[in-house]
Amino acid sequence: MIYHDDPYEALKGADAALVFTESDIFRTLNWERAKPLMARGLVIDGRNLYSPQKMRELGLEYYSFGRE
């Protein structure tokens, strides 16, 4: 397993980002910067941190839990 202190480094070449924490580093992540780093651009948001509309406008494949 590889660990990164920088979330943007962790997202390089990633098929998916699984967000299951409310940590400020993920709450304030710049997805416009992160998306081109990712291979697929799939985001699974387990804490409902992000606006589904905004994430889809950025061209990300976005899923969250407990929302209608």
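Since the structure is predicted, the reported quantities are computational estimates derived from the model, not experimental observations. Each chain has its residues counted from 1, following the order in which its sequence is written. Local features are withheld for residues below a pLDDT of 70 in this predicted model, meaning they are given only at 70 or higher, and side-chain atom pairs are given and counted only at 80 or more; totals for whole chains, interfaces and linings count all residues. Excluded from the side-chain calculations are hydrogens and water; all other atoms, namely the structure's heavy atoms, are used.

(A) Representation of the overall build of the protein chain. Helix and strand assignments follow DSSP, with helices taken as H or I runs no shorter than four residues and strands as E runs no shorter than two, numbered in order from the N terminus. Scanning the protein chain from terminus to terminus reveals 4 helices and 3 strands. Mapped from its N terminus to its C terminus, the protein chain presents α and β elements in the order α-β-α-α-β-α-β. Note on method: radius of gyration uses C-alpha positions; expected globular size equals 2.2 Å times residues raised to 0.38. Relative to a compact globule of 68 residues, whose C-alpha radius of gyration would be 11 Å, the protein chain shows 11 Å and is just as compact. With the C-alpha coordinates aligned to their principal axes, the bounding extent of the protein chain is approximately 35 × 25 × 20 Å. Throughout this description, buried means an accessible area under 20% of the type-specific maximum (1.4 Å probe, protein chains only), exposed means over 50%, and partly exposed covers the range between. Taking all 68 residues of the protein chain together, 29% fall into the buried category. The contact criterion used throughout is that any non-hydrogen atoms of two residues lie within 4.5 Å. Pairs at least 24 residues apart make up 44% of the contacts formed inside the protein chain by residues separated by at least 6 positions. The accessible surface values rely on the Shrake-Rupley method and a 1.4 Å probe; as for residues, cover is taken only from the protein chains in view. Summed over its atoms, the accessible surface of the protein chain is roughly 4,800 Å², and 48% of this surface lies on carbon and sulfur atoms. Distance between charge centroids for the protein chain: 3 Å, based on 9 positive and 11 negative side chains. Positive: Lys, Arg. Negative: Asp, Glu. His and the chain ends are not part of the count. A single reference atom marks each charge: NZ on Lys, CZ on Arg, CG on Asp, CD on Glu.

(B) Fine view of a nonpolar patch on the surface. Taken together, the side chains of Leu-18, Phe-20 and Phe-65 make up a nonpolar region of the molecular surface, amounting to roughly 350 Å² of accessible area. Note on placement: Leu-18 falls in strand β1 (residues 16–19). In this scheme, patches are assembled from residues that exceed 30% relative accessible area and form no salt bridge. Like charges are connected within 9 Å, while nonpolar side chains (Val, Leu, Ile, Met, Phe, Trp, Tyr) are connected within 5 Å. By salt bridge we mean one thing: a side-chain nitrogen of Lys or Arg within 4 Å of a carboxyl oxygen of Asp or Glu.

(C) Quick peek at the environment of Arg-67. Here Arg-67 shows up in the segment after β3 (61–64). The residues touching Arg-67, leaving out its near neighbours within four places in the chain, are Asn-48, Leu-49, Tyr-50, Pro-52 and Tyr-62. Here the side chain of Arg-67 touches Tyr-62 through a polar contact of 3.4 Å, side chain to side chain. Polar contacts here mean pairs of N or O atoms no more than 3.5 Å apart (in protein, one a potential hydrogen donor and the other a potential acceptor; neighbouring residues in sequence count only if both atoms are side-chain atoms).

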